Amino acid sequence: MIRLVLLIALMFGAATALSAQERSSLWPEIPAATGAPHPEGNEYWRRNHMNLMRHDRDQTMRDGNREVEASLKGCFDCHAAADGEGTIVTYESDKHFCRSCHDFVAVKVDCFMCHRSTPEGVDETADEGADHAAILSPRQTLADIGDLVAYLKHSNRTLVVEAGQ
Amino acid sequence: MTGNNSTTRPKGAEFSRRDFLRSGAAVATATLAPGVTLIAFGGSQAQARADAGKRWGLLIDAGRCDPDCSACVTACSDENGWKDTGHPETDAQWIRKVTLKNKFTGHVSSAPVMCQHCEEPPCVDVCPTGASFKRVDGIVLVDKHTCIGCRYCMMACPFSARSFIHEPVNNQKTHAPRGQGTVESCTLCVHRVDNGGTPACVEACAATGNEAIIFGDLNDPTSDIAKRLAEYPTSSLRPDLALNPGVRYSNL
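Residues numbered from 1 in each chain as written. Chains lettered and ligands numbered in written order. Predicted model: local features only at pLDDT ≥ 70, side-chain atom pairs only at ≥ 80, totals over all residues. Heavy atoms only, no water.

As a further point, take the overall build of chain B. Looking only at helices and strands, chain B features 7 helices and 11 strands. Here chain B holds 252 residues, and the buried ones make up 46% of them. With an accessible surface of roughly 12,600 Å², chain B has 52% of that area assigned to carbon and sulfur atoms. (Helix = DSSP H or I, 4+ residues; strand = E, 2+ residues; numbered from the N terminus. Buried < 20%, exposed > 50% of the residue type's maximum accessible area, 1.4 Å probe, protein only. Areas by Shrake-Rupley, 256 points an atom, 1.4 Å probe, with all protein chains shown as cover.)

Printed below as a string of structure tokens:
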């Protein structure tokens, strides 16, 4: 945890310490945004986007207020990231806006199990391996079972399930 | 800001309005990009909001509902993005057509059944997390952010109106997020209602010319729906349960 905090501290500290050109190669590559920047500034949003969205999520769901600022669907009006070929990527890709920092700081969010990770109109079904949308990734589960079987075989144990236990 | 500050985050479960004001975010309305208007807190209150004075409801006239028509079902599916995944026993269904036949007279009538938006919703009573809730304007919803997929609400619902999502989902509608492991049901197209619109099923039914479903505020005596309820005999499904549903039927 301390290490993570240090890492984040470094990351944010670096923002003020260095100008863009001098950034360390460790700095995550955040895809460029379109539209007007946030009036509160990048630094504020980097640190508070999760709280802002949680607040506004409840405003929308519970109170029916649909003119909130931190709207998750709204993010992709300005933060749609594209791959090398200019195709807009889904959360499945590590080029996705939300993953650019999260992969770096080892944060994982489940938002895109339900929410679109692209602007309306982009065909997300083109992304065959939409594993992030599944509670258990089919590939991973199979691999896990394979590992378990291998382990049991290796240690020459048998799984005994006794009635009444 | 210094690196040290990055460890301080707003305390408490929620980021309060006061925190927001303190943060200097209390800017007024600003147009950010074509079609993107930003209204921050502290300034203007949004006009579109759940209103405690209202009670949204539907009146379904089975006498006008064509047994061979399923325009309302198709419209709901298109609007909210639920569809056939090849698992008919478990696929989500927010609205379905039900056909009733009187055994003695042979008279057949048909009507759509969806979440009945009860005043006393059993699904809300049983929910262990508070995810199943009723808005102040009578719309019963699942807050999927707090839904743990236990499905007690599905057991409690006398109308079998709720579905559980078994399969991973992608390519959702922007306004209707849905994903594996949570429960969902008719939202009365809350995203449209909040913007002054009518539910997709009502619009589609009107477009067929049948006009079997009307939508409106049951509390407003001048609304079309309240006038009709006052004028003609109507019933609700399972009146014995005294749930006072917001969805009413006539000529059933």
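All names here are of chain B. Spatial ordering of the open sheet is given by 10-3-11, a layout of 3 strands whose pairing is mixed. Sheet topology places strand 10 (213–217) and strand 11 (247–250) at the edges, where each strand pairs with a single neighbour. Along the sheet, successive strands turn relative to each other by an average axial angle of 20°, direction set aside. Sheet strands in contact with helix 7 (residues 224–231) are strand 3 (56–61), strand 10 and strand 11, and its direction is about 110° off that of strand 10. (Pairing = 2+ DSSP bridges. Axes fitted to C-alpha atoms, helices over the stretch in contact; angles between N-to-C directions. Contact = heavy atoms within 4.5 Å.)

It is worth spelling out the packing of helix 2 (residues 71–80) of chain B against helix 6 (residues 200–207) of chain B at this point. All names here are of chain B. Between helix 2 and helix 6, the least distance of the axes is 8 Å, while the angle of their chain directions is 140°. The orientation of helix 2 with respect to helix 6, classified from their angle, is oblique. Along this stretch, helix 2 crosses helix 6, giving a crossing that reads as right-handed. Between helix 2 and helix 6, the residues in contact are Ala 71, Cys 72, Ala 75 and Glu 79 and Ala 200, Cys 201 and Ala 204, respectively. (Parallel < 35°, antiparallel > 145°, perpendicular 65-115°, else oblique. Left-handed = near helix turned anticlockwise from the far one by under 90°.)

The next point concerns the nonpolar core. Grouped together as the largest cluster of nonpolar side chains are 47 residues, with contacts concentrated most on B:Leu58, B:Ile95 and B:Ile213. Formed by 6 residues, the second largest nonpolar core is a distinct cluster that contains A:Cys75, A:Phe76, A:Cys98 and A:Phe112. (Core = buried A, V, L, I, M, F, W, Y, C linked by side-chain atoms within 4.5 Å.)

Our focus in this paragraph is the pattern of salt bridges. Residue and element names in this part refer to chain B. Inspection of every chain in the model, using the stated rule, returns 14 salt bridges over all chains. Residue Asp 194 pairs with Arg 135 through a salt bridge whose shortest N-O separation is 2.9 Å. You can see Asp 194 sitting in the loop between helix 5 (190–193) and helix 6 and its partner Arg 135 sitting in the loop between strand 6 (132–134) and strand 7 (140–142), a full 59 residues away along the chain. In this pair, the class of Asp 194 matches that of Arg 135, namely buried. (Salt bridge = Lys/Arg side-chain N within 4 Å of Asp/Glu carboxyl O.)

Turning next to the packing of aromatic side chains. Scanning the model with the defined rule gives 3 aromatic pairs over all chains in all. Between A:Tyr91 and A:Phe112 the ring centres are 4.8 Å apart and the planes differ by 40°, which places this aromatic pair in the tilted class. Of this pair, A:Tyr91 sits in the loop between helix 3 (72–78) and helix 4 (97–105) while A:Phe112 is found in the loop between helix 4 and helix 5 (138–154), placing the two residues 21 residues apart along the sequence. When sorted by exposure, A:Tyr91 lands in the same class as A:Phe112, which is buried. Among the aromatic side chains, those forming a connected cluster through ring pairs are A:Phe76, A:Tyr91 and A:Phe112. Cation over ring: A:Arg99 sits above A:Tyr91, and NZ or CZ is 5.9 Å from the ring centre. Over the ring of B:Phe164 we find B:Arg151, and its NZ or CZ is 3.7 Å from the ring centre. (Phe/Tyr/Trp six-rings, centres within 6.5 Å; stacked < 30°, edge-to-face > 60°. Lys NZ or Arg CZ within 6 Å of the ring centre and 35° of its normal.)

A:Asn48 marks the point of greatest bend in helix 2 (residues 42–63) of chain A, at about 70°. A:Gly64 sits one or two positions beyond helix 2 of chain A and adopts a positive phi of about 70°. (Bend = angle between axes of the 7 residues up to and from the residue.)

Residue and element names in this part refer to chain B. Positive phi, normally seen in glycine, also occurs at Asn 171, with a value near 60°. Summarising the element assignment, Asn 171 is placed in the loop between strand 8 (163–164) and strand 9 (183–184). The backbone phi angle of Asn 251 is positive, close to 55°, even though this residue is not glycine.

The subject of this paragraph is the confidence of the model for chain A. All names here are of chain A. Within chain A, residue pLDDT values average 81, and 75% of them lie at 70 or more. The secondary-structure element of chain A with the lowest mean pLDDT is helix 1 (residues 2–17), recorded at 53, while helix 2 shows the highest, at 96. In this model residues 160–165 is a low-confidence stretch, pLDDT under 50, and it forms 0 contacts with partners more than four residues away in sequence or in other chains. (pLDDT = per-residue confidence, 0-100.)

Below, the discussion takes up the side chain of B:Gln116. Residues and elements named next belong to chain B. Within the secondary structure layout, Gln 116 lies in the loop between strand 5 (108–114) and helix 3 (122–126). In terms of polar contacts, Gln 116 uses its side chain to reach the side chain of Tyr 249, at 3.4 Å. Ignoring anything within four residues of it in the chain, the contact list for Gln 116 reads Phe 159, Leu 237, Pro 245, Gly 246, Val 247 and Tyr 249. (Polar contact = N/O pair within 3.5 Å; in protein donor to acceptor, adjacent residues only side chain to side chain.)

The subject of this paragraph is the side chain of B:Asp217. All names here are of chain B. Residue position: Asp 217 is located in strand 10. With no salt bridge to any partner, buried Asp 217 finds its closest opposite charge in Lys 54, at an N-O distance of 4.7 Å. Among the polar contacts listed, one links the side chain of Asp 217 to the backbone nitrogen of Arg 55, at a separation of 2.9 Å. Within polar-contact distance, the side chain of Asp 217 engages the backbone nitrogen of Asn 219 at 2.9 Å. Beyond its immediate sequence surroundings of up to four residues, Asp 217 is in contact with Gly 53, Lys 54, Arg 55, Trp 56, Ser 223, Ile 225 and Ala 226. (Lys, Arg positive; Asp, Glu negative; His and termini not counted.)

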